Amino acid sequence: MRKDEVGPPGLVLLFMWMAHRGLRTIGAVKSGARTSSVAKVWEGLARAHTSVAAALERDMVPEAGMPLVWYEVLLNLSRAPGGMMRYQDLAKVAGITNSGASRRLEQMTKAGLIERRSCPTDRRGVFAHVTAKGEAAFKKAHAVFLSSLDKNFGVRLKPDEVDVISAALSRLP
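Quick caveat, the model's predicted, so the values are computed rather than measured.

Parameters at a glance
- Residues numbered from 1 in each chain as written.
- Predicted model: local features only at pLDDT ≥ 70, side-chain atom pairs only at ≥ 80, totals over all residues.
- Heavy atoms only, no water.
- Pairing = 2+ DSSP bridges.
- Helix = DSSP H or I, 4+ residues; strand = E, 2+ residues; numbered from the N terminus.
- Axes fitted to C-alpha atoms, helices over the stretch in contact; angles between N-to-C directions.
- Contact = heavy atoms within 4.5 Å.
- Core = buried A, V, L, I, M, F, W, Y, C linked by side-chain atoms within 4.5 Å.
- Buried < 20%, exposed > 50% of the residue type's maximum accessible area, 1.4 Å probe, protein only.
- Expected span 1.5 Å × (residues − 1).
- Arc of directions from axis to C-beta.

Chemist: Kindly report on the sheet that holds strand 2 (residues 114-118), identifying the contributing residues and their values.
Modeler: Strand order across the open sheet formed by three strands is 1-3-2, with antiparallel pairing between neighbours. Two strands lie at the open edges of the sheet, namely strand 1 (84-86) and strand 2, each paired on one side alone. Neighbour-to-neighbour, the strand axes of the sheet open up by a mean angle of 30°, direction not taken into account. As judged from the three bridges shared by strand 1 and strand 3 (residues 126-130), these two strands associate in the antiparallel manner. Residue pairing in the sheet places M85 in a bridge with A128 of strand 3. Most of the contacts of helix 4 (residues 87-94) go to strand 1, to which it runs at about 85°, and overall it touches strand 1, strand 2 and strand 3.

Okay, here's the thing in structure tokens:
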């Protein structure tokens, strides 16, 4: 293994960091040592995600005027060609049902952040397109997001930990 690759020692470092930060498992895992370590890492990641997402939400709503899930939609649209994505593609990246995405996107349409556009090649297809108001709201929300992420997550990581965790997570599906 090359020096710049992160293998099991990197995952061990990730687990040690999580344990040092007080991220503990819910209960003992009864299977083999490898599975137990992987389960502990998974539990730590899930716990860290939950607590950081809650902290981001606490900052996003009052400071950016939108919930974190709306920010994530605008983030995905900002990265899409022409600021447009199909509803079902947004649902897939958000990990929600098509009907859940439709409800969320309808709320954002009423707020003027996105607009519906018909698909020119498929009459059943509907695109979400970010509006000028949505772009402005995204810029404000993005600054709040980055500040909150640093305050609630980034300051707790050392630079070398960021690199190790990033490398390990980049190999996941």
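Still more to cover.
Chemist: Kindly report on the nonpolar core, identifying the contributing residues and their values.
Modeler: Here is a general trend for soluble globular proteins: nonpolar side chains tend to be buried in one another's company. Of all hydrophobic cores here, the largest spans 29 residues; its most connected members are M60, M66, Y71, L74, L77, L105 and M108. When contributions to this core are tallied by element, the ones reaching two or more residues are helix 2 (33-64), helix 3 (68-79), helix 4, helix 5 (98-110), strand 3 and helix 6 (132-152). If we ignore the near neighbours within four places in the chain, the residues touching M60 are G65, M66, L68, Y71, A141, V144 and F145.

Chemist: Before we move on, could you go through helix 5 and cite the residues and values that matter?
Modeler: Between the first and last C-alpha of helix 5 there are 18 Å, a value that for 13 residues agrees with the 18 Å anticipated at 1.5 Å per step. Buried within helix 5 we find G100, A101, R104, L105 and M108. Down the axis of helix 5, the buried set is contained in an arc of 125°. They therefore lie on one face. Opposite the buried face of helix 5, at more than 90 degrees from it, the exposed residues are R103 and K110. For helix 5, the elements touching its buried residues are helix 3, helix 4, strand 2 and strand 3. The positive-phi residue at the C-terminal boundary of helix 5 is G112, with phi of around 80°.

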